[in-house]
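The chain contents come next:
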Amino acid sequence: MEPHSVATHCRRSRTKFTEDQLKVLIEAFDQNPYPGYTIKQKLALEMNIEESRIQIWFQNRRARHQVQKRPEHEEDLEASQDKDQPVEKSQSKEGRRCRTSYTSSQLHTLNTAFANNPYPGIESREQLAKDIGVPESRVQIWFQNRRSRVQVQVKKELD
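The following refers to the structure shown.

Thresholds applied
Residues numbered from 1 in each chain as written. Predicted model: local features only at pLDDT ≥ 70, side-chain atom pairs only at ≥ 80, totals over all residues. Heavy atoms only, no water. Phe/Tyr/Trp six-rings, centres within 6.5 Å; stacked < 30°, edge-to-face > 60°. Helix = DSSP H or I, 4+ residues; strand = E, 2+ residues; numbered from the N terminus. Buried < 20%, exposed > 50% of the residue type's maximum accessible area, 1.4 Å probe, protein only. Lys NZ or Arg CZ within 6 Å of the ring centre and 35° of its normal. Lys, Arg positive; Asp, Glu negative; His and termini not counted. Salt bridge = Lys/Arg side-chain N within 4 Å of Asp/Glu carboxyl O. Contact = heavy atoms within 4.5 Å. Axes fitted to C-alpha atoms, helices over the stretch in contact; angles between N-to-C directions. Left-handed = near helix turned anticlockwise from the far one by under 90°. Nonpolar A, V, L, I, M, F, W, Y, C, P; charged D, E, K, R; others polar.

1. Focus on the packing of aromatic side chains
- A full pass over the atoms with the stated rule returns six aromatic pairs.
- Aromatic side chains F114 and F143 sit 5.9 Å apart centroid to centroid with 40 degrees between the ring planes, which places their arrangement in the tilted category. Placement of F114 in helix α5 (residues 104-116) and of F143 in helix α7 (residues 136-158) is noted, with a sequence separation of 29 residues between them.
- Judged by centre distance (5.2 Å) and plane angle (80 degrees), the ring pair of W142 and F143 falls under edge-to-face. Each member of the pair W142 and F143 is classed as buried.
- The lysine or arginine in question, R61, covers the ring of F29, its NZ or CZ lying 5.4 Å from the ring centre.
- Here the basic side chain of R146 rests over the ring of F114, its NZ or CZ set 5.2 Å away from the ring centre.

Right, dumping it as structure tokens:
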């Protein structure tokens, strides 16, 4: 891995969807705001976009939708509590992505990169992903989880 790519703190450029892509995404969102991995993968292949970009679009859309619908949602919760009916969770485990397992050499590469820079930019993550043979989105999640784990360890040491 090149040393200059480790210190890069660039953000990914904004994904711009075409009108046709947005129509497909909105239609899919209207059918199910919490699509499983297979549906997101199918949409990604259909639109020639990375699955991680589809995942982010759905997250953003749900966040915008919750802000717009908050007052109605609170009324729905009160009504459902009056009827003593449990609120169903909209995401099932069957639609989830399989847990990513890393080999010891992959973990060594990730840990070395983390020691050099715990906040790598998109170029660094893409290069790491290429080097270890996993999608960039998995590298990004690994770094998020690792930073979180370090924070927990530091808190425990202070207590």
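2. Describing the side chain of R53
- With respect to the helices, strands and loops of the structure, R53 is situated in helix α4 (residues 51-82).
- The side chain of R53 is buried and forms no salt bridge, while E50, the nearest opposite charge, is found at 4.9 Å.
- With near-sequence residues (within four places) excluded, R53 lies in contact with R12, T15 and F17.

3. Notes on unusual backbone geometry
- Residue N48 is not a glycine yet carries a positive backbone phi of 60 degrees.
- Following the sequence through the fold, N48 ends up in the loop between α3 (37-47) and α4.

4. Notes on the packing of α5 against α7
- Closest axis-to-axis distance for the α5/α7 pair is 11 Å, and the angle between their directions is 60 degrees. Relative to α7, α5 is oriented so that their crossing is right-handed. In this structure, α5 contributes L107, L110, N111, A113 and F114 to the contact, and α7 contributes V139, W142, F143, R146, R147 and V150.
- In terms of residue class, the contact of α5 with α7 is made up of eight nonpolar, one polar and two charged.

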